[in-house]
Each structure stands twice: as structure tokens, then as C-alpha cells.
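Below are the chains, spelled out letter by letter.
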Amino acid sequence: MSDDHPTVDLNFERRSESEMRRRARAFYEEISQRRSVREFSEEPIPLDVVRDCIRTAGTAPSGANKQPWTFVLITDDAVKSEIRRAAEQKEREFYEERATEQWLEDLAHLGTDWRKPYLEEAPALIAVMAQTRPADEGLHYYVKESVGIACGFLIAALHRAGLATLTHTPSPMGFLRDILDRPENETPYLLLPVGYPANGCEVPDIDKKAVNEILVEV
Ligand code: IYR
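Note that this is a predicted model, so its numbers are computed, not measured. (Residues numbered from 1 in each chain as written. Predicted model: local features only at pLDDT ≥ 70, side-chain atom pairs only at ≥ 80, totals over all residues. Heavy atoms only, no water.)

Draft legend 1. The arrangement of a nonpolar patch on the surface in detail. On the surface, a cluster of nonpolar side chains totalling about 360 Å² of accessible area is made up of Leu139, Tyr141 and Tyr142. When you line up the elements, Leu139 lands in the loop between strand S2 (124–131) and helix H6 (143–161). (Patch = residues over 30% accessible without salt bridge, like charges linked within 9 Å, V, L, I, M, F, W, Y side chains within 5 Å. Areas by Shrake-Rupley, 256 points an atom, 1.4 Å probe, with all protein chains shown as cover. Salt bridge = Lys/Arg side-chain N within 4 Å of Asp/Glu carboxyl O. Helix = DSSP H or I, 4+ residues; strand = E, 2+ residues; numbered from the N terminus.)

In C-alpha cells form, the structure reads like this:
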């Protein structure tokens, strides 16, 4: 117990090196199977599982532990349709007007376009909202970093639980705050369709960089 701020004992499991190696490799192997999915089955999913994954996201570190996030779990068909309509309108403007040639070229191998049927087909959408400041008074810090880390936890947790996701960022996505009736201190950060992949779902044939391309040791 420190004199100037309350503390508790750390709960930390010290593992043998062989156990650490096994766990690190097993987690890599599991997480490296995650793929962004754009073809979802309409089959319902256990929502208690999704809620538990949101609980996992809520354990992420954040600036001054302010936890500047709200997760909106959307399963209502009418709301999903409204979101699809609004997203497709923005995305159509993006693909047909705003996107640069270079950007479209960089996206070509993913086969995406303005059509977003998965926003209705996926049984659930999670709209992740970043709280740019608290609802009452005070400040939030490192909001984008904090919410980004929480989203990483969320995507990993959903994958581990056996659910597929897509990190979808319709741009601009201010429409989500209006449709979901969220307060103005919340800015939409990410829209995550969640569900089972459709039968016969295919994904782009892409690779991740090798570790020697992403790791510099000093
Ligand atoms: N938001 C658009 C375009 C898009 C942009 C990037 I960067 C991607 O990695 C994928 C898509 C869309 O969702 O289609």
C-alpha cells in the first residue's frame, strides 16, 4: 500500500519459459487465422458471447484509465437497414467521387465497392464510439489510442470465441451518432459487423509481412 494512492497486489502468473513459448506460439497461430469477412450468414449468434467480448474490450488500457469508449450492440433489423442505407450513400460518394485513383488502385485487390449488404446480413453490428470528452465535466486523454487498443482486444476476443468480424469504417460516419441517438461527446470510431461467415465464404488472397519486415531490434 502506497501512502499517496491506493494500491492492490498484482495478480501475475509467472510461467516457465517453455510454457511462455508454447503460449506465445499458440496465440499467434490462433490470431493469425483471423480474417476480415465481408460475406456473413444471417444465422443468429449467441449475444451473451458478444457481450462478454465487449467486457474484454473494456479491460483495455486507456489514458488516465478514463475508458473513453461506448459499444453500441445493434441487432434490430430496422436500425441495421438504416445504417446500411446511410453507409452505402457515403461509400458511393467515396468510390465514385472522393477516392483518389491511387486509393482505388490500393483497394482493388480486396474487391470492395460501395455496396455493403453485410450491414444487414450480419446478425449484429457493434458501433464503437469514442468519447472525445466525458459526458459531464473533465477531460479524456489519448482517446484514439485508447479506443484503438480496445478495438484490438474486441476483435481478438470475438475471433477467439468463434465469431467473424469486419473492421468497417464508412467515411464519414457521423450518421451513426444520429441513427443511434448518441450524445455529442461521442464520435463514431469503428463499425464492426459480427457473425458467422456465409457458407462458402471467400476472402482476398493476401499475406501479412514477415517478422523480419516489421521488427527492428536495437
Ligand atoms: N471504407 C471503404 C473503403 C475502404 C478503405 C480501406 I483503407 C479499406 O482497407 C477497405 C475499404 C469501404 O469500406 O469499402
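Draft legend 2. Region of interest: the environment of Cys201. You can see Cys201 is positioned in the loop between strand S4 (186–195) and helix H8 (211–214). Separated by 161 residues in the primary sequence, Cys201 and Phe40 have C-alpha atoms spaced 7.8 Å apart. Cys201 has contacts with Val37 and Glu39, leaving out every residue within four places of it along the chain. (Contact = heavy atoms within 4.5 Å.)

Draft legend 3. Quick peek at the nonpolar core. One finds Val50, Phe71, Ile126, Val128, Leu154, Leu158 and Val194 to be the most contacted residues of the largest nonpolar core, which totals 24 residues. Mapped onto this core, the elements with two or more residues apiece are helix H2 (47–57), strand S1 (69–74), S2, H6 and S4. When residues of this core are assigned to their parent elements, the largest contribution, eight residues, is made by H6. Beyond its immediate stretch of four places on either side in the chain, Leu158 contacts Val50, Cys53, Ile126, Leu163, Thr165, Leu192 and Val194. Listed in part, the 20 residues of the second largest apolar core include Phe40, Phe175, Leu180 and Leu191. (Core = buried A, V, L, I, M, F, W, Y, C linked by side-chain atoms within 4.5 Å. Buried < 20%, exposed > 50% of the residue type's maximum accessible area, 1.4 Å probe, protein only.)

Draft legend 4. Quick look at the pairing of S4. The element S4 is largely enclosed, with a buried count of eight among its 10 residues. In this sheet, S4 lies alongside strand S3 (residues 164–165) in antiparallel orientation, the contact comprising two bridges. Note that in S4 the partner of Ala164 across the bridge is Gly195. (Pairing = 2+ DSSP bridges.)

Draft legend 5. Fine view of the site of the ligand. Taken together, Glu91, Phe94, Tyr95, Trp103, Leu107, Leu110, Asp113, Lys116, His168 and Thr169 make up the full set of residues near the ligand. At 2.5 Å, a side-chain N or O of Tyr95 approaches an oxygen atom of the ligand. Within the side chain of His168, one N or O atom sits 3.2 Å away from an oxygen atom of the ligand. Taking 370 Å² as the accessible area of the ligand by itself, protein coverage stands at 69%. Elements with a minimum of two residues in the shell around the ligand: helix H3 (77–98) and helix H4 (101–107). The leading source of residues in the shell around the ligand is H3, at three residues. (Near = heavy atom within 4 Å. Polar contact = N/O pair within 3.5 Å; in protein donor to acceptor, adjacent residues only side chain to side chain.)

Draft legend 6. Structural view of unusual backbone geometry. Note that the residue after Ser171, namely Pro172, is joined by a cis bond; omega there is -10°. Looking at the secondary structure, you find Pro172 in the loop between S3 and helix H7 (175–179). Even without being glycine, Asn65 reaches a positive phi, approximately 50°. Structurally, the position occupied by Asn65 is in the loop between H2 and S1. Positive phi values are uncommon outside glycine, yet Gln67 reaches one of about 50°.

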